[in-house]
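# Notes for the structure review
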Amino acid sequence: MNWILKPMKDVKVSLANEVKLEKFSLTKPMHDTEIQTELQNPNPMDVEIFLPLLWQMLSLQPNAEEGSLLTNGYSNIFHVKLKDSRVVAVVVRWIGDVWRLSASELDCADGRWSGGRAFFTLATA
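Now for a quick tour of the structure. Quantities reported herein were computed from a predicted structural model and do not represent experimental measurements.

This next bit is on empty space enclosed by the protein. Throughout the structure, instances matching the rule amount to one cavity of 30 Å³ or more. Approximately 30 Å³ is the volume attributed to the largest cavity. The wall of the largest cavity is formed by Gln36, Pro42, Asn43, Pro44, His79, Phe119, Phe120 and Thr121. For the lining of the largest cavity, the leading source of residues is strand β6 (residues 118-122), giving three residues. Residue composition of the lining of the largest cavity, by class: four nonpolar, four polar and no charged.

The structure is reproduced here in structure tokens:
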């Protein structure tokens, strides 16, 4: 809540139209740092950029319609840089009949992200 949703009040939603994302499907279990290495260390999204992008993505799939985000209960993973410069893994998942959002330190938890999950990063030029 404090990491991701609290900064929402300072976000300019119009930014979402200026930024493009790339989506990668994990083909094997990977930690966050392994994902970064595999993708040649993509820059994490600043929270001010991430929030309008996420809002835009969710508004296109409010009821788990087909789209960029996985809707099968699997994780949609984003690396987000907070205002204090920490980078966290933000996960968005469709569970039951709602979107759920959580965040954790990178490489936290007791395992890796399983294959079949989606990782989103800013598109390169």
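Now that the structure has been shown, the text picks up again.
So, about the nonpolar core. A general feature of soluble globular proteins is that nonpolar side chains tend to end up buried together. The biggest cluster of nonpolar side chains holds 22 residues, and the ones touching the most others in it are Phe50, Leu69, Phe78 and Val80. At the level of elements, α2 (47-60), β3 (76-81), β4 (87-95) and β6 are the ones that each hand at least two residues to this core. Per-element accounting of this core gives the leading share, seven residues, to α2.

If you walk through the whole model with that rule in mind, you get four salt bridges. Lys83 is the partner of Glu48 in a salt bridge, and the nearest nitrogen-oxygen pair spans 3.8 Å. Within this pair, whereas Glu48 is found in helix α2, its partner Lys83 is found in the loop between β3 and β4, the two being separated by 35 residues in sequence. Looking at Glu48, the relative accessible area reads 29%, which means it is partly exposed. In this structure, Arg86 engages Glu105 in a salt bridge whose closest nitrogen and oxygen atoms are separated by 3.2 Å. One end of the pair, Arg86, is in the loop between β3 and β4; the other, Glu105, is in strand β5 (residues 98-105), and 19 residues separate them in sequence. What makes Glu105 partly exposed here is its relative accessible area of 34%.

A few words on the side chain of Asp32. One can find Asp32 in helix α1 (residues 32-38). Among buried Asp, Glu, Lys and Arg side chains, Asp32 stands out as unpaired, with Arg112 the closest opposite charge at 10 Å. Among the polar contacts made by the side chain of Asp32, one reaches the side chain of His79 at a distance of 2.8 Å. Side-chain polar atoms of Asp32 contact the side chain of Trp113, separated by 2.8 Å. If we skip the residues at most four places from it in the chain, Asp32 touches Ile77, His79, Ala89, Glu105, Leu106, Asp107 and Trp113.

Cut-offs used in this document
Residues numbered from 1 in each chain as written. Predicted model: local features only at pLDDT ≥ 70, side-chain atom pairs only at ≥ 80, totals over all residues. Heavy atoms only, no water. 1 Å grid on protein atoms, 1.4 Å probe; cavity = no way out; pocket = protein on both sides within 12 Å on 5 of 7 lines; lining within 4 Å. Points joined across faces, edges and corners; volume = space filled by probe spheres on them. Helix = DSSP H or I, 4+ residues; strand = E, 2+ residues; numbered from the N terminus. Nonpolar A, V, L, I, M, F, W, Y, C, P; charged D, E, K, R; others polar. Core = buried A, V, L, I, M, F, W, Y, C linked by side-chain atoms within 4.5 Å. Buried < 20%, exposed > 50% of the residue type's maximum accessible area, 1.4 Å probe, protein only. Salt bridge = Lys/Arg side-chain N within 4 Å of Asp/Glu carboxyl O. Lys, Arg positive; Asp, Glu negative; His and termini not counted. Polar contact = N/O pair within 3.5 Å; in protein donor to acceptor, adjacent residues only side chain to side chain. Contact = heavy atoms within 4.5 Å.

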